[in-house]
Amino acid sequence: MTYIAYAVPNTATSGQTIVIDPEYCVGCNACVDACRCQVFLPGPVKGAPPVIMYPDECWLCGCCVEYCRQEGAIHFVHTLSQRVNWKRKDTGVFFRIGMRNPPPPNTKPLVR
């Protein structure tokens, strides 16, 4: 008797946090190897985007985005509680922790 095993992605209950754009994804599976939580499975066909199996288990650490070989193929949709931005009063530049090209650090002394 032969058994066939297959995996079905778990639908996210709280929202879709990880988004893979199939137009940009080349199916290199670098995000599968980099993920600390084992959220992804390799695509079923060579060159296909990986399958997001457990989106609710994602820690939003960003390893998959950093190790992705194709710019713009994977990104996060952060929950509202994690969308924290700062704005410099003197320049008006917005930045957030973890962005790829942050503005230079503030060198002004603290005013007390």
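The structure displayed is predicted, hence computed values, not measured ones.

### Some remarks on the overall build of the protein chain
Scanning the protein chain from N- to C-terminus turns up two helices and six strands. For the protein chain, the sequential pattern of α-helices and β-strands runs β-α-β-β-α-β-β-β. Residue burial in the protein chain is summarised as follows: out of 112 residues, 27% are buried. Accessible surface for the protein chain amounts to roughly 9000 Å². Of this, 55% is attributable to carbon and sulfur atoms.

### Describing the nonpolar core
Among the nonpolar cores identified, the biggest contains 17 residues, and I18, V39, F40, C64, I74 and F76 are the most heavily contacted of them. Residue assignment for this core shows that the elements contributing at least two residues are β1 (18-20), α1 (30-34), α2 (63-67) and β4 (74-76).

### Comments concerning empty space enclosed by the protein
Under the counting rule described, the total for this entry stands at two cavities of 30 Å³ or more. A per-class count over the lining of the largest cavity returns ten nonpolar, one polar and no charged. In terms of lining residues, the second largest cavity is bounded by 13 residues, among which C35, C58, C61, C64 and F76 are the most central. Here the residues of the lining of the second largest cavity sort into twelve nonpolar, one polar and no charged.

### As for the confidence of the model for the protein chain
Per-residue confidence for the protein chain gives a mean pLDDT of 82, with 88% of residues at or over 70. Here strand β5 (residues 86-87) is the element of the protein chain with the lowest mean pLDDT, 77, and α1 is the one with the highest, 93.

Quick notes on the rules
Residues numbered from 1 in each chain as written. Predicted model: local features only at pLDDT ≥ 70, side-chain atom pairs only at ≥ 80, totals over all residues. Heavy atoms only, no water. Helix = DSSP H or I, 4+ residues; strand = E, 2+ residues; numbered from the N terminus. Buried < 20%, exposed > 50% of the residue type's maximum accessible area, 1.4 Å probe, protein only. Areas by Shrake-Rupley, 256 points an atom, 1.4 Å probe, with all protein chains shown as cover. Core = buried A, V, L, I, M, F, W, Y, C linked by side-chain atoms within 4.5 Å. 1 Å grid on protein atoms, 1.4 Å probe; cavity = no way out; pocket = protein on both sides within 12 Å on 5 of 7 lines; lining within 4 Å. Points joined across faces, edges and corners; volume = space filled by probe spheres on them. Nonpolar A, V, L, I, M, F, W, Y, C, P; charged D, E, K, R; others polar. pLDDT = per-residue confidence, 0-100.

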